[in-house]
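Breakdown of the fold
In case you want the letters, here they are:
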Amino acid sequence: MYTRAWDRWGDARAKLLSGDRWQNAQPTVLTALGLDAEPAAHLAELASALHGSYHQVVAGLPTNTAVSVKDRELVLDRLGPAAEPKLMPAFRRLADTTLPKVDFPELLLEVADLTGMTAAFTHNSDADPSMEEFELSVCALLLSEACNVGLTPVVKPNVPALTRGRLVQVDQGDLRAETIPAANGMLIKAQRWIEVVRAWGGGLVRLRRGGPLHRPRAGWVLAKVGGSASQSAGHHLGAGTGRS
């Protein structure tokens, strides 16, 4: 028995592709999953692994004190906390002293200042808005989106660039599907300025699970945070957003 139009309680088989739709999608799906068109070999491999796992569990039951069978039901004891490695406290102290205390809004404003990324957020009318502290408004909107907190935490009625009216205006006219990738492209190019990123191979590298390093299509810039005028704006923007 299934419930219609429900993901959890519905019949998952009803969403399977069939006919021409499956024939067209089959090569792409099989390549993405790393499977062969003929499932017999794969199913036999899974059946063999499951059979071996069952026998391994059964063989270990007599000596496993954490497992018992009561009233024909398998009962597992609660696992206690794992012992902490001896070097973990020292490592934790070292990490705490090494990681800088960075205020996220100030970091975002500093990156915007270093890269000039806010210039990519042009108005949908192609007109120059010439807004005072436009960069602060853009960073506030990016912060609210990144933290998924909405506008309320970044709205400051006493700061012209952070009033709700200003933020709504910039959000509707400047933060668009065309301008966000353009700003992201400026961040990618800015990575070339960073010495450690150049040592990593230009900055456009990431680790693919199960494979070697390769170049992605997009990325985010890492930058040193120093004293600048953006810190004062960060205090306005960061009130109530915490530190990272």
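This text gives an overview of the structure that appears in the document.

**Focus: the pattern of salt bridges**
For the coordinates displayed, the defined rule picks out three salt bridges. The shortest N-O distance in the salt bridge between Asp11 and Arg13 comes to 3.1 Å.

**Describing the nonpolar core**
Among the nonpolar cores identified, the biggest contains 26 residues, and Leu167 and Val170 are the most heavily contacted of them. Counting only elements with at least two residues in this core, the list comes to helix 4 (104–115), helix 5 (134–147), helix 6 (164–173) and helix 7 (179–190). Of the residues forming this core, the biggest block, seven residues, is contributed by helix 5. Once residues lying within four places of it in the same chain are set aside, the contact partners of Leu167 are Ser137, Ala140, Leu141, Leu151, Val154, Val155, Ala161 and Leu162.

**Regarding helix 4**
Because each turn of an α-helix spans 3.6 residues, side chains separated by three or four positions end up pointing in the same direction. Taking 1.5 Å of rise per residue, 12 residues should cover 16 Å, and helix 4 covers 16 Å from first to last C-alpha, within 8% of that figure. Looking at helix 4, one finds that the buried residues are Pro105, Glu106, Leu108, Leu109, Glu110, Val111, Ala112 and Thr115. Immediately downstream of helix 4, the backbone of Gly116 shows phi near 70 degrees, a positive value.

**A look at the packing of helix 5 against helix 6**
Axis separation between helix 5 and helix 6 bottoms out at 10 Å; the angle between their running directions is 80 degrees. In terms of orientation, helix 5 lies roughly perpendicular with respect to helix 6. Along the contact surface, helix 5 presents Phe134, Ser137, Val138, Ala140 and Leu141, while helix 6 presents Arg166, Leu167, Val170 and Asp171. For the contact of helix 5 with helix 6, the per-class residue count stands at six nonpolar, one polar and two charged.

**A word on a negative patch on the surface**
On the surface, a cluster of negative charge is made up of Asp113, Glu132, Glu133 and Glu135. Tracing the backbone through its elements, the reader meets Glu132 in the loop between helix 4 and helix 5. Exposure remark for Glu132: the relative accessible area of 63% places this residue in the exposed category.

**Considerations on the environment of Met1**
Following the sequence through the fold, Met1 ends up in the segment before helix 1 (19–33). Placed 10 residues apart in sequence, Met1 and Asp11 show a C-alpha to C-alpha distance of 8.4 Å.

**Regarding the pairing of strand 2 (residues 73–76)**
Pairing analysis gives four bridges linking strand 1 (residues 67–70) to strand 2, with the strands arranged antiparallel. Bridge pairing links Val69 to Leu74 in strand 2. The hairpin turn running from strand 1 into strand 2, its antiparallel successor, is two residues long, and Asp71 in that turn takes a positive phi close to 50 degrees.

**Some words on the packing of helix 4 against helix 5**
Interaxial distance between helix 4 and helix 5 falls to 10 Å at its minimum, and their mutual angle equals 130 degrees. One finds that helix 4 runs oblique with respect to helix 5. Helix 5 is crossed by helix 4, and the crossing has right-handed handedness. Here Phe104, Pro105, Leu108, Leu109 and Ala112 of helix 4 come into contact with helix 5, specifically with Leu136, Cys139, Leu142, Leu143, Ala146 and Cys147. Of the residues contributing to the contact of helix 4 with helix 5, the split by class is 11 nonpolar, no polar and no charged.

Thresholds applied
Residues numbered from 1 in each chain as written. Predicted model: local features only at pLDDT ≥ 70, side-chain atom pairs only at ≥ 80, totals over all residues. Heavy atoms only, no water. Salt bridge = Lys/Arg side-chain N within 4 Å of Asp/Glu carboxyl O. Core = buried A, V, L, I, M, F, W, Y, C linked by side-chain atoms within 4.5 Å. Buried < 20%, exposed > 50% of the residue type's maximum accessible area, 1.4 Å probe, protein only. Helix = DSSP H or I, 4+ residues; strand = E, 2+ residues; numbered from the N terminus. Contact = heavy atoms within 4.5 Å. Expected span 1.5 Å × (residues − 1). Axes fitted to C-alpha atoms, helices over the stretch in contact; angles between N-to-C directions. Parallel < 35°, antiparallel > 145°, perpendicular 65-115°, else oblique. Nonpolar A, V, L, I, M, F, W, Y, C, P; charged D, E, K, R; others polar. Patch = residues over 30% accessible without salt bridge, like charges linked within 9 Å, V, L, I, M, F, W, Y side chains within 5 Å. Areas by Shrake-Rupley, 256 points an atom, 1.4 Å probe, with all protein chains shown as cover. Lys, Arg positive; Asp, Glu negative; His and termini not counted. Charge placed at Lys NZ, Arg CZ, Asp CG, Glu CD. Pairing = 2+ DSSP bridges. Left-handed = near helix turned anticlockwise from the far one by under 90°.

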